[in-house]
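In case you want the letters, here they are:
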Amino acid sequence: MPSTIVTLKLNGTERELIARPSTTLLSALRDTFGLTGAKRGCAQGGCGSCTVLLDGRPAVSCLIPVVTVDGCAVETVEGLADGDRLDDVQQAFVDHFATQCGFCTPGMIMSATALLNREPAPTRQDVTEAICGNVCRCTGYEPIVTAVLSAAESRRDGAAEGRHDSAAERRHDGAGERHRDAAAPLSGKAAG
Amino acid sequence: MLISVEMPDSAEAAHASLQAGAVPLGGGTHLLTRMNDEAGPDLRVVSLRKAGLRGIDVDGDTVTLGAATTLADLEDDPRLGYLAGCVRSIASPPVRTLATVAGNLFVPQPYGDLAAALLALDAELDVLGTAGLRRERLERVVADGLPEGELVTRIRFTAPAPGTFRFHKASRRRLNSGSIVTVAARLTVEDGLVGDVRLVLGGLSRRLLRAAGAERVLRGAPLTAEVVAEAAGADVIEPFDDAYASAWYRARVYPVHLRRALLGA
Ligand SMILES: Cc1cc2nc3c(=O)[nH]c(=O)nc-3n(C[C@H](O)[C@H](O)[C@H](O)COP(=O)(O)OP(=O)(O)OC[C@H]3O[C@@H](n4cnc5c(N)ncnc54)[C@H](O)[C@@H]3O)c2cc1C
Ligand code: FES
Ligand code: FES
């Protein structure tokens, strides 16, 4: 089968690539677009280091033939920061030492972002469920869970005070930080 | 390696594409793991992503799931709360976004936890074959498989009455771990005695197992620890070794997990 042209809404911008049937979303991101945040850990769906958001949902990009997601919105860790200003989840990972070697971090942050977009006030249990597909060999997970809970709190504080990103504003003197999801409609918790 | 990926826009077009030797691709969370394996086979696939097979319909107590409905879709639907424990026991959120209901019917053990639940609910399938659309009991398809070139389009079952559905999965970790033993059951208890019961076991054989022997022991009997222990010895199981557990261990702990599934203790 010949290669085909695939269009992705990649971190908010429309991008095209020519893809073979065997090209995964992960290799498109890394090899074609140079977005090397998502990592190839296992290529078996088991480690989560390749996690991105696909139409807003966390997804392992190593198991997706990119031609099957033509027209979809894909968000990667590179889309979170605004220039050199980290978003609140990223900043919380720094503040709480939730990253060591960093290999798991982009996937971990995308899983956490997916959770916070759906559930602004997660419990500890919600966080562990959200990151259960993301393996970290360094941190022991505790700092990661703490960082995600803390990011949730700072988002809620920011939303309550009508600001957009309290952590970033504290650091940058209130320069009108963007926060894409603080005011988004909330879908509530998954049925339990 | 994937040598072709077709993206038909209807079930009929998907079925037509399968006639040339391609296989259906649901979420790919099983097939792509095989593709990504260095030694993975060359495969031509027909993606169901845009074939109009995704959706959940609840009409009275009849539930119809499109074959390409994702596990995340099930998780999000409050009408299917009784399946939530099962669905959330499967893999992780970034896998469930992709994984489909029909795909779960055809994965090798110890996977197939949703299939175990659907089998306990006596689900039936709409299957598109060369002679057109027909209905098949899931039980038949689990036992015999589906001929090449055929496509599951829908899965239908009767919602269990409140409190009559049980799902219990024993795994090494609480989250994101393959089954050691899975027990799925639909069971009614009247005046302390078991009435109707359908019991399905995962992890205890190369295919999901309908525990007909255990059902016979349970039917009409009081739901006590003694009866459940007797039921656990009433079927021929053929457990296997894998990375999660040995065959010996699976056989050893099955009675414990049957008890936990049925008695909660
Ligand atoms: C890390 C990881 C953990 C996992 N953990 C679990 C677990 O705990 N429990 C569990 O049950 N599973 C688990 N799985 C297996 C898998 O994710 C699920 O079983 C999933 O539901 C498979 O669905 P899919 O759509 O991704 O399948 P695919 O890979 O797309 O397809 C699987 C098979 O089904 C066939 N198929 C798909 N759709 C149809 C159709 N409509 N008609 C006919 N044939 C069809 C395909 O041809 C293929 O043979 C895990 C997988 C991974 C990667
Ligand atoms: S690389 Fe995709 S899950 Fe490990
Ligand atoms: S920080 Fe090293 S794997 Fe998580």
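Residues numbered from 1 in each chain as written. Chains lettered and ligands numbered in written order. Predicted model: local features only at pLDDT ≥ 70, side-chain atom pairs only at ≥ 80, totals over all residues. Heavy atoms only, no water.

The name recorded for chain A in an unreviewed UniProt entry is 2Fe-2S ferredoxin-type domain-containing protein, from [Actinomadura] parvosata subsp. kistnae.

1. Some thoughts on the overall build of chain B
Note the following rule: Numbering of helices and strands runs from the N terminus, with a helix taken as a DSSP run of H or I at least four residues long and a strand as a DSSP run of E at least two residues long. The globule rule used for comparison is 2.2 Å times the number of residues to the exponent 0.38, while the radius of gyration itself is calculated over C-alpha atoms. The contact criterion used is simple: two residues touch if any of their non-hydrogen atoms lie within 4.5 Å. In this description, accessible areas are obtained by the Shrake-Rupley approach with a 1.4 Å probe, and a residue is regarded as covered only by the protein chains that are shown. The sign given to each residue is positive for Lys and Arg and negative for Asp and Glu; His and the chain ends receive no count. By convention, the point assigned to a charge is CZ for Arg, NZ for Lys, CD for Glu and CG for Asp.
The helix and strand inventory of chain B stands at eleven helices and twelve strands. A globule of 265 residues ought to have a C-alpha radius of gyration of about 18 Å, and chain B, at 19 Å, matches this closely. Overall, chain B is about 55 × 45 × 30 Å in size when its C-alpha atoms are taken along their principal axes. Considering only contacts within chain B whose residues lie at least 6 apart along the sequence, 59% involve residues at least 24 apart. If you sum the accessible surface of chain B, you get close to 11,200 Å²; carbon and sulfur atoms cover 51% of it. One way to put it: in chain B the 30 positive side-chain charges average out to a point 4 Å from where the 32 negative ones average out.

2. Quick look at the domain arrangement of chain B
Cut-off, in case you're wondering: Where each domain starts and ends follows an automatic or database-derived domain assignment.
Structurally, chain B comprises domain 1 (2-47), domain 2 (56-158) and domain 3 (166-263). Computed over C-alpha atoms only, the centres of domain 1 of chain B and domain 3 of chain B are separated by 34 Å.

3. A closer look at the interface of chain A and chain B
What counts, and what does not: Once two parts are joined, some of their accessible surface, as seen by a 1.4 Å probe, is lost; buried area is that loss totalled over both. We count a salt bridge whenever a side-chain nitrogen from Lys or Arg sits within 4 Å of a carboxyl oxygen from Asp or Glu. Think of a polar contact as two N or O atoms within 3.5 Å of one another; within protein, one of them needs to be a possible hydrogen donor and the other a possible acceptor, and neighboring residues in sequence only count if both atoms come from side chains.
Residue-level contacts link 34 residues of chain A with 35 residues of chain B. Buried area between chain A and chain B, summed over both chains or domains, comes out near 2,700 Å², and the portion from carbon and sulfur atoms is 58%. Connecting chain A to chain B are three salt bridges. Here B:Asp76 ties to A:Arg118 by a salt bridge, and the two come within 2.9 Å at their closest N and O atoms. Our count for the chain A to chain B interface comes out at eleven residue pairs in polar contact (both at pLDDT 80 or more). Sorting the residues of the side of chain A that touches chain B by element identifies β3 (51-54), β4 (57-60), α3 (105-118) and α4 (124-130) of chain A as the ones contributing at least two each.

4. Structural notes on the confidence of the model for chain B
Rules: pLDDT measures the predictor's confidence residue by residue and takes values from 0 up to 100.
Of all residues in chain B, 100% have pLDDT values of 70 or greater, and the mean over the chain is 97. Reported confidences for the modelled complex are a pTM of 0.93 and an ipTM of 0.95.

5. Side note on the packing of aromatic side chains
Residues and elements named next belong to chain B. Basically, it comes down to this: For Phe, Tyr and Trp, where Trp contributes only its six-membered ring, two rings pair if their centres lie within 6.5 Å, and the inter-plane angle classes them as stacked under 30 degrees, edge-to-face over 60, or tilted in between.
Scanning all chains against the criterion turns up one aromatic pair over all chains. Note on tyrosine 82 and phenylalanine 165: the rings are 6.5 Å apart at their centroids and 75 degrees apart in plane angle, and the pair reads as edge-to-face. Placement of tyrosine 82 in helix α4 (residues 81-88) and of phenylalanine 165 in strand β9 (residues 165-171) is noted, with a sequence separation of 83 residues between them.

6. Focus: the site of ligand 1
Formally: Residues are counted as near a molecule or strand when any one of their heavy atoms sits within 4 Å of it. By the convention adopted, Pro, Cys, Tyr, Trp, Phe, Met, Ile, Leu, Val and Ala count as nonpolar, Lys, Arg, Asp and Glu as charged, and the other residues, Gly among them, as polar.
Taken together, 31 residues lie near ligand 1, and B:Pro24, B:Gly27, B:Thr29, B:Thr100 and B:Gly112 sit nearest. Looking at the residues close to ligand 1, they fall on chains A and B. Take B:Pro24: an N or O atom from its main chain is 2.7 Å from an oxygen atom of ligand 1. Take B:Gly26: an N or O atom from its main chain is 2.7 Å from an oxygen atom of ligand 1. For ligand 1, whose accessible area on its own is 980 Å², the fraction buried by protein is 93%. Mapped by element, the contributors of at least two residues to the shell around ligand 1 are β2 (23-25), α6 (101-105) and β8 (151-158) of chain B. For the shell around ligand 1, the leading source of residues is α6(B), giving three residues. A breakdown of the residues in the shell around ligand 1 according to their chemical character gives 15 nonpolar, 14 polar and two charged.

7. Description of the sheet that holds strand β7 (residues 132-137) of chain B
All names here are of chain B. Applicable threshold: When DSSP finds two or more bridges between two strands, those strands count as paired. Here an angle of 0 to 180 degrees is reported between the N-to-C directions of two axes, which are lines fitted to C-alpha atoms, with helices fitted over the stretch in contact.
In space, the five strands of this open sheet follow the order β4-β5-β8-β6-β7, with antiparallel pairing throughout. A single partner strand is all that each edge strand has here, and the edge strands are β4 (56-59) and β7. Pairs of neighbouring strands in the sheet enclose a mean axial angle of 20 degrees, with direction left out of account. The pairing of strand β6 (residues 124-129) with β7 spans six bridges and is classified as antiparallel. Among the inter-strand pairings, valine 127 is bridged to a residue of β7, identified as arginine 134. Packed onto the sheet, helix α1 (residues 11-18) meets β6 and β8 and runs at close to 130 degrees relative to β8.

8. Considerations on the pairing of β4(B)
Residues and elements named next belong to chain B. Direction of pairing for β4 relative to strand β5 (residues 62-66): antiparallel, over a ladder of four bridges. Within β5, the residue paired with aspartate 59 across the bridge is threonine 62. With antiparallel pairing between neighbouring strands as the criterion, β4 and β5 make up a hairpin whose turn holds two residues, including glycine 60 at a positive phi of roughly 60 degrees.

9. Observations regarding empty space enclosed by the protein
As a reminder, the rule being used: Here a cavity denotes a set of grid points, spaced 1 Å apart and computed over the protein atoms alone, in which a 1.4 Å probe fits but from which it cannot get out, and a pocket denotes an open set meeting protein on both sides within 12 Å along at least five of seven lines; residues with an atom within 4 Å of a point are reported as lining. Grid points are joined across faces, edges and corners, and a volume is the space filled by probe spheres set on the points.
Counted by the stated rule, this structure contains two cavities of 30 Å³ or more. Each pocket or cavity is described by its volume, and for the second largest cavity that value is around 90 Å³. Lining the second largest cavity are A:Leu63, A:Ile64, A:Pro65, A:Thr68, A:Val69, B:Leu25, B:Gly26, B:Gly27, B:Gly28, B:Ser47, B:Arg49 and B:Leu98. Counted by class, the lining of the second largest cavity contains six nonpolar, five polar and one charged residues.

10. With respect to the layout of surface pockets
Estimated volume of the second largest pocket: approximately 460 Å³. A:Ser22, A:Thr24, A:Ser27, A:Arg40 and B:Asn36 are, among the 23 residues lining the second largest pocket, the residues nearest its centre. Among the secondary structure elements, those contributing two or more residues to the lining of the second largest pocket are α1 (25-32) of chain A together with α2 (31-36) of chain B. Per element, the largest residue contribution to the lining of the second largest pocket is four residues, and it comes from α1(A). Here the lining of the second largest pocket is composed, by residue class, of ten nonpolar, six polar and seven charged.

11. Observations concerning helix α11 (residues 247-263) of chain B
Residues and elements named next belong to chain B. Selection rule: One less than the residue count of a helix, multiplied by 1.5 Å, gives the span that helix is expected to have. To get the bend at a given residue, fit one axis to the seven residues ending there, fit another to the seven starting there, and take the angle between those axes. Three labels apply to residues, based on accessible area from a 1.4 Å probe with only protein chains included: buried if under 20% of the type maximum, exposed if over 50%, partly exposed otherwise in between.
Given a rise of 1.5 Å per residue, 17 residues ought to cover 24 Å, and the 24 Å separating the end C-alpha atoms of α11 matches this to within 8%. If you look at α11, its biggest bend is around 40 degrees, right at tyrosine 254, and the proline proline 255 turns up within four residues after that. Turning to α11, its buried residues number three or more, namely Ala247, Arg250, Val253, Tyr254, His257, Leu258, Ala261 and Leu262. Contacts from the buried residues of α11 go to β9, β10 (179-190), β11 (193-202), α9 (212-218) and α10 (225-232). The positive-phi residue at the C-terminal boundary of α11 is glycine 264, with phi of around 75 degrees.

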